[in-house]
Amino acid sequence: MAIKRVLLPVGPDSDFQALSDTAFHIAEKFSAQVMGLFVRPSALVIPLLDDVVSTEYVRTVTEAAQGRWQEAVAKAESKFKAAAEGFPHVESTFHVATGDVEGSFVRQARLADISVTTPPDPLEDGFWGSSYWLDVQNATLFRSGRPVLLVPPHAVKPNFEIVMIAWKQSLEAARAIAAAQPFMAKAREVHLFTIDDGSGEVASLREVEEYLSLHYDEVRSEVVKGEAHQVGKLLLAQAYSLGALLIMGAFSHWRWQERLLGGVTDYVLREASTPVLMMH
């Protein structure tokens, strides 16, 4: 399927430049629309003080919160419009949703061909009670069923001329390859990369290379020896050296498991310095 809509999350406070540039660059490349989305909460929770809260106190706090959110919406829309001005030939639209952040992004990401997002700041704790960008990531990457392009805050502007597929014999990797077809079709080089950690991925790599050769004139494959705990680091190092868009499947655990046990997906989400296309 062709890329015709790119979902661009707009956060309350973030380094928006790399994210917006990438989204509009993709839209320009594929003649697609960029849809900006900002989410504000639907209700304000008033804390109880000695079990007694006056009407005046509720009114004052509510008005202050409403004022802050009006400012946040205006700021988000201003950032989006400023980004769009740099790409006058790209169709763009800005939406404000009210409600649950994760649920709102799930709904809209399912109606987009690809979402772009930035890694969440582990120290962020916004008005929502949790990280805005962590909710965006969970919605777009793990619940939307659609591909996501991860854009680190200081990522080099991608040209998408070289793509590198991190191969693993898995459903997620197969889905990532299918999702990345529009990028691969326009790429100058397609690379296959796997880590020989004794898990038997090398034999299946040759089969994937044969399949992709039916679609693309030249597919290059490479196998690197490494231990299982080195996979994420080796993938990012290779993608960076090639200047490539990394394509990989995304595996998830419950949040506490991911933080305790780690994993390739978790490592890439935290350490990537170049754009990564992921599919769960």
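Residues numbered from 1 in each chain as written. Predicted model: local features only at pLDDT ≥ 70, side-chain atom pairs only at ≥ 80, totals over all residues. Heavy atoms only, no water.

Participant: How would you explain the packing of helix α8 (residues 231-242) against helix α10 (residues 264-271) if you had to name every residue and give the values?
Facilitator: Contact geometry of α8 with α10 gives a least axis separation of 8 Å together with a crossing angle of 45°. One way to sum up the angle between α8 and α10 is to call them oblique. Our pair here, α8 against α10, has a crossing hand that is right-handed. Of α10, the residues touching α8 (which contributes V231, G232, K233, L235 and L236) are V264, Y267, V268 and E271. In terms of residue class, the contact of α8 with α10 is made up of 6 nonpolar, 1 polar and 2 charged. (Axes fitted to C-alpha atoms, helices over the stretch in contact; angles between N-to-C directions. Helix = DSSP H or I, 4+ residues; strand = E, 2+ residues; numbered from the N terminus. Parallel < 35°, antiparallel > 145°, perpendicular 65-115°, else oblique. Left-handed = near helix turned anticlockwise from the far one by under 90°. Contact = heavy atoms within 4.5 Å. Nonpolar A, V, L, I, M, F, W, Y, C, P; charged D, E, K, R; others polar.)

Participant: Can you break down the packing of aromatic side chains residue by residue, with the values?
Facilitator: Evaluation of the coordinates by the stated rule reveals 8 aromatic pairs. Ring centres 6.1 Å apart and planes at 90° place the aromatic pair F105 and Y132 in the edge-to-face group. Of this pair, F105 sits in helix α3 (residues 101-109) while Y132 sits in helix α4 (residues 132-143), placing them 27 residues apart in sequence. Each of the two residues, F105 as well as Y132, counts as buried. Counting every residue linked through ring pairs, the aromatic cluster contains F24, F80, F87 and F94. Over the ring of F16 we find K79; its NZ or CZ atom is 5.3 Å from the centre of that ring. (Phe/Tyr/Trp six-rings, centres within 6.5 Å; stacked < 30°, edge-to-face > 60°. Buried < 20%, exposed > 50% of the residue type's maximum accessible area, 1.4 Å probe, protein only. Lys NZ or Arg CZ within 6 Å of the ring centre and 35° of its normal.)

Participant: Which residues make up the sheet that holds strand β2 (residues 33-40), and what are the values?
Facilitator: Pairing within the open sheet is mixed, and its 10 strands lie in the order β3-β2-β1-β4-β5-β10-β9-β6-β7-β8. The two strands at the open ends of the sheet, each matched to only one other strand, are β3 (92-98) and β8 (219-225). Going across the sheet, the axis of each strand differs from the next one's by a mean of 25°, ignoring polarity. Direction of pairing for strand β7 (residues 189-196) relative to β8: parallel, over a ladder of 7 bridges. Counterpart to H191 in the pairing with β8 is R220. Where helix α5 (residues 171-179) meets the sheet, its contacts fall on β6 (162-166), β9 (245-249) and β10 (276-279), and the angle it forms with β9 comes to roughly 140°. (Pairing = 2+ DSSP bridges.)

Participant: Give a detailed account of the side chain of S144, specifying residues and quantitative values.
Facilitator: The residue S144 is located in the loop between α4 and β5 (148-150) in this model. A polar side-chain atom of S144 sits 3.1 Å from the main-chain amide nitrogen of R146. Excluding anything up to four places from it in sequence, S144 contacts A109, R110 and A139. (Polar contact = N/O pair within 3.5 Å; in protein donor to acceptor, adjacent residues only side chain to side chain.)

Participant: Let's hear about the side chain of Q33: which residues, and what values?
Facilitator: Note on placement: Q33 falls in strand β2. According to the relative accessible area criterion, Q33 is buried, its value standing at 12%. Only 3.1 Å separates the side chain of Q33 from the side chain of E91, close enough to count as a polar contact. Those residues in contact with Q33, other than ones at most four positions away along the chain, are K4, R5, V6, E91 and T93.

Purely geometric numbers; function is a separate question.
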